[in-house]
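Close look at the chain arrangement
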Amino acid sequence: MSSKSLPYSMKDVHYDNAKFRHRSIFKVITQTFLTSNVKNEYMSCSMGKFLGLLMILGVGCLLLTHTGTSDGLARDVRKMGEEKVTFISGSRLGKLLRRPPRLPPRLSPDEEGKLGSLNHGSKWKDRQESVKKAFLHAWSGYKKYAMGYDELMPLSQRGVDGLGGLGATIVDALDTAMIMGADEVVSEAGTWVETQLLNRIIQKGQVNLFETTIRVLGGLLSAYHLSSVEVASNFTSRGPKADVYLETAKNLADRLLSAFTSSPTAIPYSDVVLHESSAHPAPDGMSSTSEASTLQLEFNYLSSVSGDPKYSMAAMKVLEHINTLPKVEGLVPIYISPQSGEFSGQNIRLGSRGDSYYEYLLKVWLQKGGQESNLTYLHDMYEEAMKGVRHLLVQKSIPNGLVFVGELPYGSKGSFSPKMDHLVCFLSGNLALGATKGFTKEKAMRDNLLNFDDLENLKLAEDLAKTCFEMYSVTSTGLAPEIAYFHTEEYSEGGLDGGNKSSKYVNDIIIKHADRHNLLRPETVESLFVLYRITEDPKYREWGWQIFEAFEKFTRVDSGGYTSLDDVTTVPPHRRDKMETFFLGETLKYLYLLFADTSVIPLDKFVFNSEAHLIPIEGSIKRQ
């Protein structure tokens, strides 16, 4: 409802109530007499005046002498609110002169809206609290069975190191706990970081540059920020002092820098041996384009807070170099060689190995001040790429026209594949963020901040969000598969629907047997969070709540934690026995923020890295 006041007030409401009050016969007669033509005719002569006076006296006598069943007049005075209301009963005169009952006051639309919003706010507070409880349940399982390991296997109740053994779940979950005000978790996780993590970094062997940067380095920097700046007053800052997070981040980043310094080009190697501070390429010699270009937010911020430019300089050389390479309408292949510095192959997609390249083009530009920065080439690359997406990758399904982003596995001259990873669902939020630069759509429209391409991108963002949500609702469990295909004029496969026969889109979405697993991924709820903040449309909150309820129903493990699923199209689904770190670091964080007040982590002051760790936009937050 618009906040603009409607053209009436409570005075008008009182007037409206008064219009319907009962009037006595005496008032009717006298008012009619005094206002009608009878008055003019009778008062024009002496005889008329006499007859008029006589009629009034007669009516008065009639009323006074015609009593009811009571012997006398009884006066009943009651106090209602702050007014005295006098009732005269026992006579016809009493009945005629009795004041009518007051009608209950009517609220204006503005006041009704405020009352409704209070009740509505309570609903979302309750749902936000439900997400926090889920986070605490996930943490309890990890703490009980896997503390210090990278990930929890909740069914077998043990931990596993799949990300280098740096306690990735602890660091991934830390800033989520701070934002939620989960004091005990912050204390437990912070204490582990202070007493254990540095030794792990010094002693551990091979880690992936990309995964370690977005999860561990990003998590440490976000925790540092929340512990050290004025915004921290809104969140929990239990645990060690902020400098513990910063010094640990610097030690880790110094070792990760070997991936850049060891490479003969600006493209870093994919793997780092921490205890040696050495690096080497992947077995096939290639780096993923997304992995090489999804390091800059973290290294830029570390340079900003440490005062050492070496981190930012190394990471930004990657984007500067990619800017010089040939592209297909702004789109790039998913592999790049650190040996030659050139792209490898022609496979173009916005799913795995391609996704966050496009994400960081926008977010690094925003981080450095957006239109105030000197990195206009990043925004130009992003804008060109989004035009390429709209032109080359966007199609609609049949029979119901879901908008999706497909792939070009053999380049722009090859055939189109109607395949869309769940990972691609990040794009919806990214498009909306790029269109309004984090402001609400209403503000962006009012301030004339949107050009034609922005409006096109915002429309595509909403269409894609709808498709991503339907990837959930089309299945029997209400949870999305890892990969979906879409029914088009050129592509169709029967007998591979999601299982929910009541879904309108059951014939639009095709789910192959090998793609039916769910890893508790965050990309759809991430986009719902961003779109709600930007459009202020409550449907995105409702969609997020439906997804959360499905996670609760099918992935919660009673002994602690949540688990991935093998097949979302069958009920009950077979469970996979793995709780990914990003379920605590991203999925539950975005759901919590989706239901939070919009002033919490505003999108015009922060960007989120690819693991949902918050990074402040330069100049937007004052440090202590």
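Across its full length, the chain carries 22 helices and 17 strands. Here the chain holds 624 residues, and 53% of them are scored as buried. Residue pairs in contact within the chain that sit at least 24 positions apart in sequence constitute 68% of those at least 6 positions apart. Summing over all exposed atoms, the chain offers an accessible surface of approximately 28000 Å²; the carbon and sulfur share of this is 52%.

Next up on the list: unusual backbone geometry. In the segment running from I398 into P399, the intervening peptide bond is cis, with an omega of 10°. Cis rather than trans, the peptide bond between V571 and P572 has omega equal to -5°. Mapped onto the fold, P572 is located in the loop between α21 (539-555) and α22 (581-594). Although it is not a glycine, L520 sits at a positive phi angle of roughly 70°. With respect to the helices and strands, L520 occurs in the loop between β15 (509-510) and α20 (523-535). Located in the positive-phi region is E536, a residue other than glycine, with phi close to 60°. With respect to the secondary-structure elements, E536 resides in the loop between α20 and α21. Here E536 falls in the partly exposed class, since its relative accessible area comes to 42%.

A word on the environment of F551. For F551, the location among the structural elements is in helix α21. The exposure class assigned to F551 is buried, which follows from its relative accessible area of 2%. Sequence-wise, F551 and T477 are 74 residues apart; in three dimensions their C-alpha atoms are separated by 8.9 Å. When sequence neighbours within four positions are dropped, the list of residues in contact with F551 reads L479, N518, L520, R521, R556, Y562, F583 and T587.

It is worth spelling out the side chain of R127 at this point. Along the chain, the position of R127 falls in helix α6 (residues 109-146). At a separation of 3.3 Å, a polar atom in the side chain of R127 contacts the side chain of E542. Not counting residues within four places of it along the chain, the set of residues in contact with R127 comprises E542, W545 and F595.

In this section: empty space enclosed by the protein. The full count for this structure, using the stated rule, is 3 cavities of 30 Å³ or more. Considered as a void within the structure, the largest cavity measures approximately 110 Å³ in volume. As for the largest cavity, its lining consists of 13 residues, and the residues nearest its centre are K363, L433, E526, V530 and F608. Of all the elements in the fold, those that place two or more residues in the lining of the largest cavity are α17 (426-436), α20 and β16 (606-608). Here the residues of the lining of the largest cavity sort into 9 nonpolar, 2 polar and 2 charged.

The next subject is the sheet that holds β15. A sheet is described by the order of its strands in space; here 3 strands give the open sequence β13-β14-β15, paired in antiparallel fashion. The strands lining the two open edges of the sheet, one partner per strand, are β13 (419-421) and β15. Relative to strand β14 (residues 483-486), β13 is paired through 3 bridges, and the arrangement is antiparallel. Bridged to M420 within β14 is A484.

This brings us to the nonpolar core. Within the largest apolar cluster, 161 residues are counted, with the highest numbers of intra-cluster contacts made by F299 and L378. In this view, F299 contacts T213, L217, A253, L256, L257, F260, Y311, S312 and A315; residues no more than four positions away in its chain are not counted. Residues Y485, Y491, L496 and I510 belong to the second largest nonpolar core, which totals 5 residues.

With that settled, the discussion passes to the environment of P572. On the basis of relative accessibility, which here comes to 68%, the residue P572 falls in the exposed class. Considering only alpha carbons, one finds P572 and S476, 96 residues apart in sequence, at a separation of 9.1 Å.

With that out of the way, let us pick up the layout of surface pockets. The calculated volume of the second largest pocket comes to roughly 560 Å³. Every residue lining the second largest pocket is counted, 30 residues in all, and those nearest its centre are F210, E211, D355, L423 and R521. If you list the elements that add at least two residues to the lining of the second largest pocket, you get α9 (209-228), α12 (289-292), α15 (355-367), α20 and α22. If one sorts the elements of the lining of the second largest pocket by residue count, α9 sits on top with 4 residues. Here the residues of the lining of the second largest pocket sort into 10 nonpolar, 6 polar and 14 charged.

Glancing now at the packing of α20 against α21. Where α20 contacts α21, the two axes come as close as 9 Å, and the packing angle between them is 160°. Taken together, α20 and α21 sit at an angle that is classed as roughly antiparallel. Considering only the axes of α20 and α21, their crossing is left-handed. Across the interface between the two elements, T524, V525, L528, L531, Y532 and T535 of α20 pack against Y540, R541, W543, G544 and I547 of α21. Its residues assigned to classes, the contact of α20 with α21 comprises 7 nonpolar, 3 polar and 1 charged.

So, about the pattern of salt bridges. Across all of its chains, the model carries 26 salt bridges by this definition. K387 is the partner of D453 in a salt bridge, and the nearest nitrogen-oxygen pair spans 3.5 Å. One end of the pair, D453, is in helix α19 (residues 452-473); the other, K387, is in helix α16 (residues 376-393), with 66 residues separating them in the sequence. Given a relative accessible area of 16%, D453 falls into the buried group. Under the relative-accessibility criterion, K387 is labelled partly exposed at 42%. The partner of E552 in a salt bridge is R556, and the shortest N-O contact between them spans 3.6 Å.

So, about the sheet that holds strand β9 (residues 335-336). Read across the sheet, 3 strands follow the order β8-β9-β10 without closing on themselves; strand pairing throughout is antiparallel. Two strands in the sheet have a free side with no partner beyond their single neighbour: β8 (287-288) and β10 (343-344). Here β8 runs beside β9; their pairing, made up of 2 bridges, is antiparallel. Looking across to β9, one finds that S287 is bridged to I336.

In terms of residue burial, helix α13 (residues 296-306) counts as a mostly covered element, since 9 of its 11 residues are buried. Residues of α13 that are buried: Q296, L297, E298, F299, N300, Y301, L302, S303 and V305. Just past α13, the residue G307 takes up positive phi, approximately 80°.

Turning our attention to the side chain of S293. Turning to its location among the elements, S293 is positioned in the loop between α12 and α13. In terms of polar contacts, S293 uses its side chain to reach the backbone carbonyl oxygen of T289, at 2.7 Å. Those residues in contact with S293, other than ones at most four positions away along the chain, are V318, L319, I322, S356, Y357 and Y360.

Analysis parameters
Residues numbered from 1 in each chain as written. Predicted model: local features only at pLDDT ≥ 70, side-chain atom pairs only at ≥ 80, totals over all residues. Heavy atoms only, no water. Helix = DSSP H or I, 4+ residues; strand = E, 2+ residues; numbered from the N terminus. Buried < 20%, exposed > 50% of the residue type's maximum accessible area, 1.4 Å probe, protein only. Contact = heavy atoms within 4.5 Å. Areas by Shrake-Rupley, 256 points an atom, 1.4 Å probe, with all protein chains shown as cover. Polar contact = N/O pair within 3.5 Å; in protein donor to acceptor, adjacent residues only side chain to side chain. 1 Å grid on protein atoms, 1.4 Å probe; cavity = no way out; pocket = protein on both sides within 12 Å on 5 of 7 lines; lining within 4 Å. Points joined across faces, edges and corners; volume = space filled by probe spheres on them. Nonpolar A, V, L, I, M, F, W, Y, C, P; charged D, E, K, R; others polar. Pairing = 2+ DSSP bridges. Core = buried A, V, L, I, M, F, W, Y, C linked by side-chain atoms within 4.5 Å. Axes fitted to C-alpha atoms, helices over the stretch in contact; angles between N-to-C directions. Parallel < 35°, antiparallel > 145°, perpendicular 65-115°, else oblique. Left-handed = near helix turned anticlockwise from the far one by under 90°. Salt bridge = Lys/Arg side-chain N within 4 Å of Asp/Glu carboxyl O.

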